[in-house]
Amino acid sequence: MTNRARKQGTSRKWVGLVGAALGGCALVAGSVVPASAHSGHGQVRYVALGDSYTSGPLIPRQVDASCARSDQNYPSLVAERTRVDGFVDVSCSGATTAEMWQAQGANPPQLDALTRNTDLVTVQIGGNDVGFGSIISTCARLGAQEPDGNPCERSYRDAGYDELALTVARTAPKIDRVLRAVHARAPHARVLLVGYPDLLPDDGTGCFPDVPFARGDFRYLRDTEKRLNLMLRLVAAWNRVGYVDTYGPTVGHDMCKAPEDRWIEPLKPSAPAAPAHPNARGEAAMAQAVLETVGRGHGRR
């Protein structure tokens, strides 16, 4: 069997597995194999991989302009609160799973930051593979034309199936490949796959025009994000990797909430953060979720 055929077979396997789990809503993948205790003196060498939800674009203080990375993003906060012997954050805005292996501008492949001495790895990736940016722009454009309907959902189902659900399923083998590569390069590390925070009201209500999606599309977009997080949880469990739920802890602080209550900024932010991204309070909430998962001893070693 050629490498190409093997990869295609693996991709079809994941699409089938994830499609069945998401379609039947029968996934029970919350448990992972507990990690063994750290064998050192309590100190860890920590590497953070990820996209803009990790890097924290526009949140002061920006320390890497090319990747829009903040020193108040959740990896930096985790490093501050953990006995870290060494910390490397290579998260970069716009990253997809491809940037784990290939350069992103002047930035080397993110996986290059890992070594056999790495003790802790957090990975938050997949949102750009699914197309967060294009989904938001498409749904905002269609919502402006039909604010009381569900034009975005109809558009993504126009072919007779849910295009976004299929895209989420097709992203699963990419996440699987990333996690396998992480373990190969850092075989002794505790590895945590970080999910995405609650972007829209969990009860499915809308807030047009503050967030310019059609009223009928909020529930659909909420469910799409939940499918993405469910897929990440499944792939994490398959790889015996800890999964960090950042959705649950951020419910009630989505981009529709008042400025003083929201941890995710809307498309016109009122706090320093990129549109539809966590602000400093959102990054702090994700840091707490990571720390609690580390404390429970979850993650492959």
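Everything numeric in this text was worked out from a predicted model, so none of it was measured.

Right, let's talk about the packing of helix α7 (residues 163-185) against helix α8 (residues 218-238) for a bit. In a pair of packed helices, the angle between the axes and the distance between the axes together describe the arrangement. At a closest axis distance of 9 Å, the pairing of α7 and α8 adopts a crossing angle of 30°. As the angle between them shows, α7 and α8 are arranged roughly parallel. Viewed along their axes, α7 and α8 form a crossing whose handedness is right-handed. Of α8, the residues touching α7 (which contributes L164, A165, V168, T171, A172, I175, D176, L179 and R180) are Y220, T224, R227, L228, M231, L232, V235, A236 and W238. Across the contact of α7 with α8, the residue classes tally to 13 nonpolar, two polar and three charged.

Take the packing of helix α3 (residues 74-81) against helix α10 (residues 280-295) next. Two elements in contact, α3 and α10, have axes separated by 8 Å at closest approach and are oriented at 50°. The angle between the axes of α3 and α10 places the two elements in the oblique class. With respect to the hand of their crossing, α3 and α10 are arranged in right-handed fashion. Two secondary-structure elements touch here, α3 through Y74, L77, V78 and R81 and α10 through E283, A284, M286, A287, Q288, V290 and L291.

Burial within strand β1 (residues 44-50) is extensive, with six of its seven residues counted as buried. Pairing analysis gives five bridges linking β1 to strand β4 (residues 84-89), with the strands arranged parallel. The partner of R45 across the bridge, within β4, is G86. Taken together, the five bridges between β1 and strand β5 (residues 120-124) define a ladder with parallel strand orientation. Looking at β5, one finds that V47 is bridged to V121.

With that settled, consider empty space enclosed by the protein. Tallied over the full model, the rule gives one cavity of 30 Å³ or more. The wall of the largest cavity is formed by 13 residues, among which F132, I135, I136, L199 and L221 lie closest to the centre. Residue assignment for the lining of the largest cavity shows that the elements contributing at least two residues are α5 (132-145) and α8. Split by residue class, the lining of the largest cavity holds 10 nonpolar, one polar and two charged.

Criteria and cut-off values
Residues numbered from 1 in each chain as written. Predicted model: local features only at pLDDT ≥ 70, side-chain atom pairs only at ≥ 80, totals over all residues. Heavy atoms only, no water. Axes fitted to C-alpha atoms, helices over the stretch in contact; angles between N-to-C directions. Helix = DSSP H or I, 4+ residues; strand = E, 2+ residues; numbered from the N terminus. Parallel < 35°, antiparallel > 145°, perpendicular 65-115°, else oblique. Left-handed = near helix turned anticlockwise from the far one by under 90°. Contact = heavy atoms within 4.5 Å. Nonpolar A, V, L, I, M, F, W, Y, C, P; charged D, E, K, R; others polar. Buried < 20%, exposed > 50% of the residue type's maximum accessible area, 1.4 Å probe, protein only. Pairing = 2+ DSSP bridges. 1 Å grid on protein atoms, 1.4 Å probe; cavity = no way out; pocket = protein on both sides within 12 Å on 5 of 7 lines; lining within 4 Å. Points joined across faces, edges and corners; volume = space filled by probe spheres on them.

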